[in-house]
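Here is how the chains run, residue by residue.
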Amino acid sequence: LNARVLLGDQDVDITLQNLASALSLYANDADKFLGLVEKLDDAERELGIELPQGGSGAGAADDAMTKAAMSSFIEKLKTRRALDKIMGTLRAEAPAIYQAMIGDRDAYMAASIAGQSDSRRLVAVCGMAHLQGIEKNLVARGFAIAERKC
């Protein structure tokens, strides 16, 4: 392919600092945090997805079932509908957490991509949760987004 590789995400230490700051809003208010967890649980139930409960600790067979259940749960979250619902809930209920985990990084990655001005075409690989935000940031900078299949 003869292409350059751009590692365009924000430094993880900055993301973790921002996330710690956002989470500090809940440090002295357990009810507020539990309310957020309940809203996210409600969104999962609305989607027909429930976080599997932990194993009983009875042994390897029980742990394997728990791993399979967790794997199934994660796969269900990987749909566009589920991701939009969960991210929308997080953005509405905990905007500072959403901004630290998603929004800031979307803007950073879009700026990294936009900085590759010597490229007429570019393939960017990112996590599904970042796709729409990166596209939105790039369109705001005058970029055209090619049709995608996901």
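Shown above is the structure to which this text applies.
This section reports on the structure supplied with the text. Predicted model only: the values in this text are computed from it and were never measured. (Residues numbered from 1 in each chain as written. Predicted model: local features only at pLDDT ≥ 70, side-chain atom pairs only at ≥ 80, totals over all residues. Heavy atoms only, no water.)

## Here we look at the packing of helix α4 (residues 80-93) against helix α5 (residues 95-114)
In step 1: Their axes nearest at 5 Å, the elements α4 and α5 cross at an angle of 125°. The angle between the axes of α4 and α5 places the two elements in the oblique class. Between α4, through Met-87, Leu-90, Arg-91, Ala-92 and Glu-93, and α5, the contact on the second element is made entirely by Pro-95, Ile-97, Tyr-98, Met-101 and Ile-102. (Axes fitted to C-alpha atoms, helices over the stretch in contact; angles between N-to-C directions. Helix = DSSP H or I, 4+ residues; strand = E, 2+ residues; numbered from the N terminus. Parallel < 35°, antiparallel > 145°, perpendicular 65-115°, else oblique. Contact = heavy atoms within 4.5 Å.)

## Side note on α5
In step 1: Along α5, the helix axis deviates most sharply at Met-101, where the bend reaches about 35°.
In step 2: In the core, the buried residues of α5 are packed alongside α1 (12-23), α2 (30-46), α4 and α6 (128-140). (Bend = angle between axes of the 7 residues up to and from the residue.)

## Quick word on α4
In step 1: Taking 1.5 Å as the rise per residue, α4 with 14 residues should run 20 Å; its terminal C-alpha atoms sit 20 Å apart, in good agreement.
In step 2: Listed in full, the buried residues belonging to α4 are Ala-82, Leu-83, Ile-86, Met-87, Thr-89 and Leu-90. Take α4 and look down its axis: the buried residues cluster within an arc of 155°, on one side only. Opposite the packed face of α4, turned more than 90 degrees from it, sit the exposed residues Arg-81 and Ala-92. (Expected span 1.5 Å × (residues − 1). Buried < 20%, exposed > 50% of the residue type's maximum accessible area, 1.4 Å probe, protein only. Arc of directions from axis to C-beta.)

## Section: the pattern of salt bridges
In step 1: The final tally for this structure, using the stated rule, is 6 salt bridges.
In step 2: Between Glu-38 and Arg-45 there is a salt bridge whose closest N-O contact spans 2.9 Å.
In step 3: Among the residues examined, Glu-38 registers a relative accessible area of 37% and is labelled partly exposed.
In step 4: One salt bridge connects Arg-45 with Asp-42, and the closest N-O pair in it is separated by 2.6 Å. Of this pair, Arg-45 and Asp-42 both sit in helix α2, 3 residues apart, roughly one helical turn.
In step 5: When salt bridges that share partners are traced, they join Glu-38, Asp-42 and Arg-45 into one network. (Salt bridge = Lys/Arg side-chain N within 4 Å of Asp/Glu carboxyl O.)

## Observations regarding a nonpolar patch on the surface
In step 1: On the surface, a nonpolar cluster with roughly 320 Å² of combined accessible area is contributed by Leu-23, Phe-33, Leu-34 and Val-37.
In step 2: For the nonpolar patch, the element with the highest residue contribution is α2, accounting for 3 residues.
In step 3: If you trace the backbone, Phe-33 turns up in helix α2. (Patch = residues over 30% accessible without salt bridge, like charges linked within 9 Å, V, L, I, M, F, W, Y side chains within 5 Å. Areas by Shrake-Rupley, 256 points an atom, 1.4 Å probe, with all protein chains shown as cover.)

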